[in-house]
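# What the coordinates show
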Amino acid sequence: MQSITLNIKNDKLVNKVTWLLEHFKNDGLEIVSKEDMGDLKLLKATRNEDAISFDEYMKNED
């Protein structure tokens, strides 16, 4: 899998690019915001665990 990061300052352009990319979802494109990446990495790290410890949760709450 390859990842591409786009940095777009203009909100109108963000909407246009997102609209265009949405058309490729059926072909396997996954759209993830950079802000969500940290949460997804934490979730992936806990996949093989029964639960995440409270201390680990509090350490990564930001």
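In this section: the overall build of the protein. Tallying secondary structure elements over the protein gives 3 helices and 0 strands in all. Along the chain direction, N to C, the helices and strands of the protein fall in the order α-α-α. Residues counted as buried form 2% of the 62 residues belonging to the protein.

Another point: the pattern of salt bridges. It is possible for side chains bearing opposite charge to pair when their charged atoms get close. Going through the model one piece at a time under the given rule, you end up with 1 salt bridge. One salt bridge connects E22 with K25, and the closest N-O pair in it is separated by 3.3 Å. Residue classification places E22 among the partly exposed residues on the basis of a relative accessible area of 36%. The exposure class assigned to K25 is partly exposed, which follows from its relative accessible area of 41%.

The subject of this paragraph is the confidence of the model for the protein. For the protein, the average pLDDT comes to 81, and 85% of its residues sit at 70 or higher. Predicted confidence in the protein is weakest over helix 2 (residues 34-45), with a mean pLDDT of 73, and strongest over helix 1 (residues 11-22), with 94.

Bringing helix 1 into the picture now. Compared with the 16 Å implied by 1.5 Å per residue over 12 residues, the 16 Å span of helix 1 between its first and last C-alpha is a close match. Between the side-chain oxygen at the start of helix 1 and the backbone nitrogen of K12 there is a gap of 2.8 Å, and the oxygen is on N10.

Basis of the calculations
- Residues numbered from 1 in each chain as written.
- Predicted model: local features only at pLDDT ≥ 70, side-chain atom pairs only at ≥ 80, totals over all residues.
- Heavy atoms only, no water.
- Helix = DSSP H or I, 4+ residues; strand = E, 2+ residues; numbered from the N terminus.
- Buried < 20%, exposed > 50% of the residue type's maximum accessible area, 1.4 Å probe, protein only.
- Salt bridge = Lys/Arg side-chain N within 4 Å of Asp/Glu carboxyl O.
- pLDDT = per-residue confidence, 0-100.
- Expected span 1.5 Å × (residues − 1).
- Polar contact = N/O pair within 3.5 Å; in protein donor to acceptor, adjacent residues only side chain to side chain.

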